[in-house]
Structures are given as structure tokens and as C-alpha cells.
Amino acid sequence: MPVQKVNDSSDLDAKVPSHLQRTSITSLTITSEPSHRCVKAKVVHKGPVISCAQKDGVEMLRAEIREEDPLQRAAEHTSINVIFFGTLAKDFSQSARQGDVVLLADFAIKKSPSFLRDKLHPCQLEMDGDNACVYVWPSVAPSYGPSTSEAKYTYVPLNMLKPKTVVNVYGVVTFFKQPFPSKGSDYCSTLKITDQSDVKVGCNIFSKKLEDHPVIIRVGDIIRLHRFKTDVFRDSMSLLNTYGWSTVSFDGTVDSPVVPRTSSKSFHFEESDKRIVQELRQWAANQSWISNELTVSLSSVQPGMYFDLTCQLLAKAVMDSRCILLKVWDGTKCQHPLLNVAVASDALEGESTVPKDRMNLTANILVYDNHLEVARDLKPGTFLRFYNLHSLLQRAPDQLPDQPNHLSFHLHGGTSYGRGLRSLPAESPDLQSLKSALEKHVDLDEYDEVNDGTLLEIWYTPPEAVVLPNDEETDAGDTGPSYTVRTCEHNSQRLTLAQVKRSTPPLSCHIRAHVKKYKPQQLYQCLKLFCSNCKTLTDVPDDSAVAKVFRESAKDNQPCDEQWAATSSASSREPGRTISMHISRDMVGESTHMQLIFVEGTTLDEICVLSRDYKNLVPVRSVNGRMTLMDLTAPFLFSGDKRYYGCKRCSLNTFQSPVFTGVETWDEQAIAEALGVQLMQYRLLIQFELEDQTDTLEALLWENAEKFFHVSAVDASGSQDLQDKIQTIMDTIQPPDSSLEERPWLDLCLSVYAVKDNDRNQVCYQIDNTEIKEE
DNA sequence: GCTTAGGATTTG
């Protein structure tokens, strides 16, 4: 453990092994015997860890330490450079910082190569190997995190730069070139930066490694340069990276998050950096050279322009040794017809662009010469920015003389005007608007691309080899008649299920799929009760539950006696149970008087028998002599074949004084209102597991279910025939025990929508605007 | 311990 921390100064002295002799820095000479000596001093400068090319990439760190013994204040050479090597350099970098007191032991004493320049000390100390050790007494309480463990950097305003000094600066980028190969051994980045002093300073960065170059995306980005050397070139100051250099860049948008862009894994960044970035952003926003920046999209590009384009790579093809074709889009439609550069499909890497070509969305960009190196490595799907892209009108090969010329794009060779291209980092702010523009076209689907791909292949096949596809040879896999027909009027593109799953709701689309499974398997369970008021959805109670309510209600009943009702009673076969029928006195004498009868004391079976002869029967029970509705688990109304239920949650208890006047025809709705019952609707609900070649997906048949089956849910509730009809349809579209091939295709219109479920957005699918074909 | 570039439209 070569670097150790101690708690105080005396601790530091106690750590000195007894064989070591404390030596003052001023007294060190090149001939001093280094062994058994140690020095104690304060760190006044700590450099970064750098990798030394001359020493096989070994890591090095330079620090300057100063002896602060008051007695020696007037003495010369109280400071000395210390070079740490290898792991010691890294350890020291992490453990010590400016202001700490350190004790160094077992160093080597070497001639200082910088003495003439820095006048510090004729010697320097070199800390290397296993013996050398360092004790550190932190100057203040230890702190945590990288932001405070290093010396604070000072930044020089750009108008204060002095020639031949090494500085740290901040600036707003006013011009830049993406890194390009220099004539020497490195890549070169060229930038011009400015700051609140309004002085513009040119800057060149040389590095063999592309990833070490700063990520500059647009004019207005902010860059921080550490350890850059100043010099005068053509009467103005310029900056060049020097040993231990680093750069960090930031987006320049006011109020956007301050996110450092760097390839470095560890770098110094603190609150003050954030403030500097925000101040520069604010200042730059009011400068004309930045506020005049305009964004050009494919929809706004004009012929002859040089402009920057943010886009996504769709496909690429090598044209020749000096030219690559990049097919891109930005989701906007060009006002001018876009030139399509025809490439054989086997030479094209990436998706077919045919559907997008057709909508004039694909820009064909020819990339030349020095830009090939970047273009070659790009993968389709990558988000890109082109700089100084040239748009020009060109005559298409097959173009008739009176047709308009087509717009083509060239990224010419060279780097003038910052010409170049780069892939965009994921957090780039341009990306959000680009992605949302692209998402507007999710309906340009693979289905079309499959077919268009087939067309393309045919296009490139010599005429004699063209074979018209017949049924056997067509293996798109989704042909054949559909058992359903879409009734929607919109003209959405057809998507595969995989595409549907990738899409962003809300969306309406068309699909072609089989039904792999469905729920409920017991189809009568697909009949549901739905309260349109509180949206409660429940199963229709089964007969045993309803019969139980009737039995309980009829137990020990005494016929109720209501002023508003005329009653007739009869004994049942069971002792102690009286069956009573009541009608409203209001209705006596009206034509409607037999339309609504209240029945008390029956079993479920008995009221079913009675309902053959009477139109509307409301089962009631007696509670302390007063007529009361039954528990709403049971139907509140028997009407012919149908039973109607009330919502337990929403029904009001207004039965005490029912009003039966002014109604011409008693239907379930009128009766529910008179009784203060919230009528529940019958609905059909089935969950399909849909399947195509790409994926499976669970979709509900709900709002559209009655239209789908051509069956009314309420009618089905009272009709075995209609229930059988639903069963037959289901057996057709999903024959029991069928294989995939035996299941027919369904053309479906599908709604994709988001539902909040426990505060999480869940995507749901519902079959819409689709009906079964009836022969 | 210091070459490269140091902005300034291809001509396909």
C-alpha cells in the first residue's frame, strides 16, 4: 500500500520509519544520497495522470510540493517537482489533493529537466517501484466523490490568454470540423470558440484516437479545454492540446440539462462547471451568430443549398472506391421530388426504402472521398448529422424532358466549411424531435416492404426469367380468404403483429391474423353485465345464485300491503308461502295496467313460468310489510325471455314511493327509472390471442363485439339460438383442436391504446370496425 | 516533450 492517509501532522511524523532521516527540500542536490531520507511538504500543484508514450504507456503524474517551514521562508528552492509512476501515480491522484501535506520516502533524486523553465528546483523527485511510499495528511476533512477530491481548475477568459502558456478555458463553439485525418499521424479537430469577451480563438486538437476528440454537434455547443497551450498565429491567439489535455463538451441549449459529453471515464466536474456552462449558454443565446442558425429539414430544403441535416440512416451501398450512397430520412416530406439512386438489392445494406421512396421521404446522399471512412462504419438505423451537405437538382435517368428535376444530395470531399458527418449520441437533444417525426410513419410497414422487396427482385430479374407468381409459388404466408371484413373508412396501412407491438399508442391500424386461442372457452361467459354509469363489468349471475335469492326472499313471507298497489294473493304448494301479485293503482284503468306486475313469494322457476304470460314481472319481497326490491344479485325484471339486472353500486333506493304515471310503454329502461334502478347493459367480451408470422398479441373484442357477430348481446342473453350462433362463428374462426394452417385468416381493424393501470401505462389492443362475413 | 492545421464550398 504505497499511499497511506493519516489523520494529523503528528501522525505523519510518527509514521516516519526510524531509519529515515527528514531532509529539507532546499538542501537536496543531485549528489544527495537519497536512501534513508524523506521530505515533508505541502502539495501546491497536482497534475492529471497521463500515459507516457516514451515509457511504453506507463502512467505518470507530476506534482509540485513546497516546504512550509517558517524558518526557511527566505530560502531558495523550497518547491520541487515530484513525478509519480505507475500505480503510485493513480493512487496519489485519488488520495491526495492540492493543499494536503505529504511525506515522501524512498524517492530517487534526478536532475530537473524543467529547471531552466520553471526555476523551481535543480532536482526532481521520482517515486517509483515498491519501496517508495507516500503518507498523506488531508488538509481538511476528507470528502467523497470525484468533484471535490481534486484541485479546482481555473479558467482563463479568452481575451486574457498570454502566448506560450498552458491554460484551461471554456468557450462556445462558433465553428468546427469533425475530426479528419491530418497529413501527420493523428486525426485533427479544428474549432473556433468564443466567450463573453467576444474574442474568437482558434483551436486544434490532435489525437490518434478518434474517441478522444470532443463531440461537437452544432455551433453553439460549449466546450471545456484542459491543458491547452496558447500561441499566436496570424496575429491572434490559438490553442493546441498539450500533455495531459482533456476536453468535455455540452449542448448549448439554454435550460437543457448540463450533461457532459466525454469519452473519459473519470473527469472533474462540479457545480461551478454547471454554472459556467449555463452562463455561456445564456450569453450565446443573444448573439446574432447563433440566433440566426436555422434548422433545415427535408421539407424545407431548397435546391443549391449547403446545409446541416439531422436524420436516420435507412440503408447504404458502396458505389465505388470514392463514393458511398447513404439513404436517409428525417420523417419530413420533401417539397421537390427526391432523386432515387437505383442500387441492386443485394448491394444494399439495410431495409428497403421503397415505401418511403414512394412518399418522397428518402434522401439519397452521395458521400465522397475523405468521408468514406466514417460512412463505411455506419449501421442502418443510426442517427446522423451531415454538415455542409449540398443539395442540387439532377435529372433522373428515366425522366421525361418536361418533368421536374430531382433533388440529390452530395457530401463532397474535403472539410471546408466543416463538411463532414457524424453519428449522434443517444442523449443528443435533436434526437427527440427527429424520433417523434419518424414515429408519425410507423404505418409504413414491413408488410409493404416484403411485397416491395419481391417487386424489387423481379425488377432486377431479366425479363425472360420473370415468373408471375401463382398460388403455389406465393409464400407470403398470409394469403387466402378472410372470414372477416373491415368496415372502417380510414385507410391505415397493414401492420404485422410485431410492428403493432412496437408502435406507440394511440393508433388505429389494420392487421391480418389467425385466432390462436380465445377466452372465455365457455362461451356463455362472454356475456357480461356492464354499468354505463360506474363502468362495472360483472358476469351474469348463474341460476343457482339467483334461485337462492328467491328462496331467501320467499321465506316466511307475509304479503306486503302498499297503498299504491292492488294485490291478489294465492297459497303456494309449500306451507307458509304465499304468492302475491301487485299492480299499481295508478295504472288501473289505463291500457298499460297489465304491463307491469310485481310478484312476491315465488321461486325462480315459478316466476319463469309466469313470465310466459305476463310482459314485465318485477320480483319483490316484504320487509316489515313494505314492498322492497330483491337483492340485486337477482334480476329486478323478468321480461319475456330476458332478465334485467340493476347495478348494485349505482341503483337508488326510491322504491318506497314509485311513480307509475305518464308512461305509455313500459320497457326495461322506463321500469328501471320508475324503480330507481340503474339498468345494467348486456355486453359481449372475448379476448383473442391473435397470431401472424411475426408475433402473437392479445386483443379484446368488446365495443365492436355485437357488430362483429351480428348478434345483440341482450338478445343473446335470452336466446339459445343466438348463443349457438356465436359458438358456430368461433368454431369457424378457431376450429377446436385445429392446427395453424387450418385456422382462417381474419382481416381486422385494430385500435392500440394506453390504459393507466396502477399508475403504469399499459398498452391494450381492441378489435374495431370488423364484422364476420356471413354467407 | 511539439509534425499534423491554422475554416473559407465539388465540380462526382
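Residues numbered from 1 in each chain as written. Chains lettered and ligands numbered in written order. Predicted model: local features only at pLDDT ≥ 70, side-chain atom pairs only at ≥ 80, totals over all residues. Heavy atoms only, no water.

S.K.: Can you help me understand the protein's contact with DNA strand B in this one?
M.R.: Residues in contact with DNA strand B amount to 29 residues; listed here are only the nearest, Lys-229, Tyr-243, Arg-322, Asn-388 and Gly-413. Between Asp-369 and DNA strand B, the recorded distance is 2.9 Å, taken from a side-chain N or O atom to a base nitrogen. Breaking the surface near DNA strand B down by element, the ones donating at least two residues are β11 (166-181), β12 (187-194), β13 (201-207), β14 (222-233), β15 (236-250) and β20 (383-394). Looking at the surface near DNA strand B residue by residue, the classes come out as nine nonpolar, eleven polar and nine charged. (Near = heavy atom within 4 Å. Polar contact = N/O pair within 3.5 Å; in protein donor to acceptor, adjacent residues only side chain to side chain. Helix = DSSP H or I, 4+ residues; strand = E, 2+ residues; numbered from the N terminus. Nonpolar A, V, L, I, M, F, W, Y, C, P; charged D, E, K, R; others polar.)

S.K.: Help me understand the pairing of strand β19 (residues 363-368) in this model?
M.R.: Every regular strand shows the same layout, with side chains that alternate between the two sheet faces. Of all six residues making up β19, five are buried, and the element is well covered by its neighbours. Pairing of β19 with strand β21 (residues 406-411), which is carried by three bridges, proceeds in the parallel orientation. Bridging across to β21, Leu-366 finds its partner in His-410. (Buried < 20%, exposed > 50% of the residue type's maximum accessible area, 1.4 Å probe, protein only. Pairing = 2+ DSSP bridges.)

S.K.: Could you clarify how one ought to interpret the sheet that holds β11 in this entry?
M.R.: Whether parallel or antiparallel, the strands of a sheet pair through hydrogen bonds between backbone atoms. Strand order in this closed barrel of five strands is β11-β12-β13-β15-β14, and the pairing throughout is mixed. Averaged over neighbouring strand pairs, the angle between their axes works out to 50° when direction is ignored. Note that β12 and β13 share seven bridges and pair antiparallel. By the bridge assignment, Leu-191 is partnered in β13 with Cys-203. Packed on one face of the sheet, helix α4 (residues 271-285) meets β11, β12, β14 and β15 and runs near 65° to β11. (Axes fitted to C-alpha atoms, helices over the stretch in contact; angles between N-to-C directions. Contact = heavy atoms within 4.5 Å.)

S.K.: Can you help me understand the packing of aromatic side chains in this one?
M.R.: How two aromatic rings sit relative to each other is given by the distance of their centres and the angle of their planes. All told, the structure shown has 14 aromatic pairs when counted by the stated rule. Seen in terms of ring centroids, Phe-550 and Phe-638 are 5.8 Å apart; in terms of plane orientation they differ by 80°. Their pairing is edge-to-face. Here the residue Phe-550 occupies a position in helix α11 (residues 543-554), and Phe-638 occupies one in strand β32 (residues 637-639), the gap between them amounting to 88 residues. Like Phe-550, the residue Phe-638 is buried in the burial classification. Clustering of aromatic rings is evident, with ring pairs tying together Tyr-155, Tyr-170, Phe-250, Phe-267 and Phe-269. Lys-177 extends its terminal NZ or CZ atom over the ring of Phe-180, reaching a point 5.6 Å from the ring centre. Directly above the aromatic system of Trp-702 lies the positively charged group of Arg-683, at a separation of 4.9 Å from the ring centroid. (Phe/Tyr/Trp six-rings, centres within 6.5 Å; stacked < 30°, edge-to-face > 60°. Lys NZ or Arg CZ within 6 Å of the ring centre and 35° of its normal.)

S.K.: Can you walk me through helix α13 (residues 668-675) in this structure?
M.R.: Two residues of an α-helix separated by three or four positions point the same way, owing to the 3.6 residues in each turn. The complete set of buried residues in α13 reads Ala-670, Ile-671, Ala-672, Ala-674 and Leu-675. On its buried face, α13 sits against β29 (597-600), β30 (616-623), β31 (626-629) and β32. Downstream of α13 by one or two residues, Gly-676 has phi in the positive range, about 70°.

S.K.: Please clarify how the pairing of strand β9 (residues 123-127) should be interpreted in this entry.
M.R.: Extensive coverage of β9 is indicated by the burial of five of its five residues. Of the two faces of β9, the one lined by Cys-123, Leu-125 and Met-127 and the one lined by Gln-124 and Glu-126 are each fully buried. Where strand β6 (residues 79-85) and β9 come together, four bridges link them in parallel fashion. Bridge assignment links Val-82 to a residue of β9, and that residue is Leu-125. Relative to β9, strand β8 (residues 108-111) is paired through four bridges, and the arrangement is antiparallel.

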